[in-house]
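Commentary on secondary and tertiary structure
Listed below are the residues making up each chain.
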Amino acid sequence: MRGWISRLTLNQKLAVAAVALGAVALFAAPYPGSKVTLDARELALVVGTEADHVEAPELAAWIIESRADYRLVDLRTEGEFGRYHIPTAVNVPVNVLTDAGLGRQEKIILYSEGGIHSAQAWMLLRAQGYRSVYMLKGGLEEWKDQVLFPAVADNPTATERARDDRRRAVAAYFGGQFRSAAAVAAGASAMPGMALPQTADMPKVAAPPSPSGARPAGPKKKKDGC
Amino acid sequence: MNPYLAGIGLGLVLLAAFVLVGRGLGASGAFNSVIAWAVSSVAPEHARNNEFMAGYLTDDGSSPLKSWLLFEVIGLFAGAMFSGLLAGRARLMTEKGPRVSVRARLAMAFAGGVLMAFGAALARGCTSGQALTGGALLNLGSWAFMMMVFAGAYAVAYFVRWQWR
Amino acid sequence: MAMTAPFYQYGMFGEETSLVLAFLIGIGFGFFLERAGFGSARKLVSQFYLNDLAVFKVMFTAIVTAMLGVTYLAWMGWLDLSLVYLVPTYLVPQVVGGLILGAGFVIGGYCPGTSVAATATGRVDGLIYVLGIFAGMFAFAEMFPLLKGFYLSGAGDAMTIPGAFGLPYGVVVFAVVLMAVGGFYGAGLLEKKFAASVE
């Protein structure tokens, strides 16, 4: 039985091998679908280091500097996004996140109202193999508290004054306004009578292009061809 | 070398590209990068305004010569030279048929290159990028392209046989 | 995370490394092109006079090899196929471009990759061909405003044959293998009939 194989020429052996491999490939399912595998221990370690948190003032600085190397993702619904969103954000509701085709080589920063959805979305993206995923610490709540409506001291020391001037400038840039620290400490509700900036009043910053299934975009937009 | 073995070697190189860098081989794009670089060195405004060339320039000021394809093509040159020297096939010569002059052959080579450039630009690739790469990935456009290449070549072959036979 | 390919897309190394890899991969590419004899225009065009069908044999063996490799690696979950770059479809310019490329191939005697291989092994016509490509690409770029409409016509997403025809991936793979092996057998017969040795 084995004899006939040894009697074939090299080319014929290659042909047989090819057809055999092709026949087995008939059953191939090359696209993984939505099943993922997780390395739980590795993820637990990453969670522990908190290296993937982004503070609100940090994000504000990036936006003001017009950095283009991140993709800010708003996980809320379309309606909520329309009422107010952090400038330069794109809207990808959390339930369609895994199909959105976000670029794997981009720095993705997720935010939601508080932190629950962004944490869950972080897990989903990490499970799919994304490496550069970050969460806005505290979500939109923290953004309002620290960037839009920062509490500035009533009798500032020199250092406090410098810090507060910065905060005031940042708040003004994003269409917010500062609050008195004393009033906040006295337990007044977070932002009484402070209206969120209207979309039209938000700083004109260039939003990164929308991630509708586009190829992963590196910092350069060179033609990725032949 | 046995063409099938050479083909397997080539296929494995292509597979390595897929596995390591998530893209296939190519050649024509490297030429575009060089042209974009050359033009932008001499007349940067013109290069930026030209939509086709601008696609090969970068936003952050780094050189268009830092292109994956260009490095690959330089490697191609080196690898081919090595193989040719190894096999004693490296020789300063002009490939041509017996009935045609060197001058005519070189003119045709130039014309062929010009045509090839247009074809590759329109098709977004050449036999390396589209046919080999796209073929292996079962890309529909690539397979259509591949068949058209064979069709075009066979159609024209009769009319230029004086060059080769 | 599991070691999944493509490694670059998973951030396992940076751009500098990918350029070094480009060079090394290119060496392999050029090496096997020349091994196959494709540094010679006469060998290449013999395909189109049916004397020596090495172009068909090498090209389709390479395609089948890489295709089987990709299919198996993706099937085993070691390669994420969705991250491998697929050229988008522009049906009309790709068809017309293919015809023009084929004409250029048999007129000039090379394709872009093989012309570089030929130049590397001393072929003057290879070098002239390369210059022709530069001239042609420059001309194309300059004429682009006129050609732009045609260039962008028939645009579509990147489509695979299985996707476009609704066939299972494995079925198409098997069909391609059969077609290739059948083609190789036929090529052997044609060569016997029209044999004319080239170097």
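Just above sits the structure.
Residues numbered from 1 in each chain as written. Chains lettered and ligands numbered in written order. Predicted model: local features only at pLDDT ≥ 70, side-chain atom pairs only at ≥ 80, totals over all residues.

Section: the overall build of chain C
The helix and strand inventory of chain C stands at nine helices and two strands. Reading the secondary structure of chain C in the N-to-C direction produces α-α-α-β-α-α-α-α-β-α-α. Considering only C-alpha atoms, chain C reaches an extent of 55 × 45 × 35 Å along its principal axes. In chain C, the proportion of contacts linking residues at least 24 apart, taken out of those at least 6 apart, comes to 67%. (Helix = DSSP H or I, 4+ residues; strand = E, 2+ residues; numbered from the N terminus. Contact = placed C-beta atoms within 7 Å.)

Some remarks on the overall build of chain B
Across its full length, chain B carries nine helices and zero strands. Put simply, chain B runs from its N terminus to its C terminus through helices and strands in the order α-α-α-α-α-α-α-α-α. Based on the C-alpha atoms only, the size of chain B along its principal axes is roughly 50 × 40 × 35 Å. Residues classed as buried in chain B amount to 62% of the 165 residues present. At a minimum sequence separation of 6, the contacts of chain B that also span at least 24 residues come to 52%. (Buried ≥ 20, exposed ≤ 12 C-beta atoms within 10 Å, placed from the backbone.)

Considering the sheet that holds strand E4 (residues 107-111) of chain A
Residues and elements named next belong to chain A. Spatially, E1-E5-E4-E2-E3 is the arrangement adopted by the five strands of the open sheet, whose pairing is parallel. Looking along the sheet, the strands with just one partner apiece sit at the ends: strand E1 (53-54) and strand E3 (89-91). Pairing of strand E2 (residues 70-74) with E4 involves five bridges; the strand directions are parallel. Directly across from Arg-71, in E4, lies its bridge partner Ile-108. (Pairing = 2+ DSSP bridges.)

Examining the interface of chain B and chain C
Every contact between the two is made by 105 residues of chain B and, on the other side, 104 residues of chain C. Where the side of chain B that touches chain C is concerned, the elements lending two or more residues are helix H1 (3-21), helix H2 (28-42), helix H4 (51-54), helix H5 (68-87), helix H6 (102-123), helix H7 (127-136), helix H8 (140-157) and helix H9 (161-164) of chain B. Taken together, the residues that form the side of chain B that touches chain C break down as 69 nonpolar, 25 polar and 11 charged. (Nonpolar A, V, L, I, M, F, W, Y, C, P; charged D, E, K, R; others polar.)

Quick look at the packing of H7 of chain B against H8 of chain B
All names here are of chain B. Packing of H7 against H8 leaves a shortest axis separation of 8 Å and a crossing angle of 125°. Our classification of the angle between H7 and H8 gives oblique. Every pair of crossing elements has a handedness; the one defined by H7 and H8 is left-handed. On the side of H7, the interface is formed by Thr-127, Gln-130, Ala-131, Gly-134 and Gly-135, while H8 contributes Gly-141, Ser-142, Trp-143, Phe-145, Met-146 and Val-149. By residue class, the composition of the contact of H7 with H8 is five nonpolar, six polar and no charged. (Axes fitted to C-alpha atoms, helices over the stretch in contact; angles between N-to-C directions. Parallel < 35°, antiparallel > 145°, perpendicular 65-115°, else oblique. Left-handed = near helix turned anticlockwise from the far one by under 90°.)

Let's talk about the packing of H2 of chain B against H5 of chain B
Geometry of a packed helix pair, given as the angle between the helix axes and the separation of the axes. All names here are of chain B. Two elements in contact, H2 and H5, have axes whose closest approach is 8 Å; the angle formed by their N-to-C orientations is 115°. Of the possible angle classes, the one that applies to H2 and H5 is roughly perpendicular. Here H2 runs over H5; the crossing is left-handed. Two secondary-structure elements touch here, H2 through Gly-29, Ala-30, Ser-33 and Val-34 and H5 through Leu-69, Leu-70, Glu-72 and Val-73. Across the contact of H2 with H5, the residue classes tally to five nonpolar, two polar and one charged.

Here's the deal with the pairing of strand E5 (residues 133-136) of chain A
On any regular strand, side chains alternate: one points to one face of the sheet, the next to the other face. Residues and elements named next belong to chain A. As paired strands, E1 and E5 are joined by two bridges and run parallel to one another. The partner of Val-54 across the bridge, within E5, is Leu-136. In this sheet, E5 lies alongside E4 in parallel orientation, the contact comprising three bridges. Its bridge partner lying in E5, Ile-109 is registered against Tyr-134. Crossover handedness for the path E4 to helix H6 (residues 116-127) to E5: right-handed. (Right-handed = clockwise from strand over helix to strand, strands pointing away.)

Regarding helix H5 (residues 112-120) of chain C
Of all nine residues that make up H5 of chain C, nine are buried, and the element is covered over most of its length. For H5 of chain C, every residue scored as buried is listed here: Pro-112, Gly-113, Thr-114, Ser-115, Val-116, Ala-117, Ala-118, Thr-119 and Ala-120 of chain C.

Topic: the nonpolar core
Of all hydrophobic cores here, the largest spans 135 residues; its most connected members are Leu-14 of chain B together with Met-67, Val-70, Val-106 and Val-173 of chain C. In terms of residue count, helix H3 (residues 54-75) of chain C provides more of this core than any other element does, 14 residues in total. Setting aside chain neighbours within four positions, we find Leu-14 of chain B in contact with Gly-24, Leu-25, Leu-132, Thr-133 and Ala-136 of chain B together with Ala-62 and Ala-66 of chain C. Core analysis: the second largest hydrophobic core is formed by 29 residues, Ile-63, Leu-75, Tyr-111 and Phe-149 of chain A among them. (Core = buried A, V, L, I, M, F, W, Y, C linked by C-beta atoms within 7 Å.)

So, the environment of Pro-87 of chain A
Mapped onto the secondary structure, Pro-87 of chain A falls in the loop between helix H5 (78-83) and E3. The sequence separation of Pro-87 of chain A and Leu-196 of chain A amounts to 109 residues, and the corresponding C-alpha distance is 13 Å.

Describing unusual backbone geometry
Its identity is not glycine, yet Arg-124 of chain B carries a phi of approximately 65°, on the positive side. Tracing the chain through its elements places Arg-124 of chain B in the loop between H6 and H7. Looking at Arg-124 of chain B, the number of C-beta atoms within 10 Å reads 26, which means it is buried. In this structure, Leu-50 of chain C is a non-glycine residue whose phi angle is positive, near 65°. Among the structural elements, Leu-50 of chain C can be located in the loop between helix H2 (41-45) and H3. With 16 C-beta atoms packed within 10 Å, Leu-50 of chain C lands in the partly exposed category.

Focus on helix H7 (residues 139-148) of chain A
Every buried residue of H7 of chain A is accounted for by Gly-139, Leu-140, Trp-143, Gln-146, Val-147 and Leu-148 of chain A. The arc that holds every buried residue of H7 of chain A, seen down its axis, measures 155°, which confines them to one face. (Arc of directions from axis to C-beta.)

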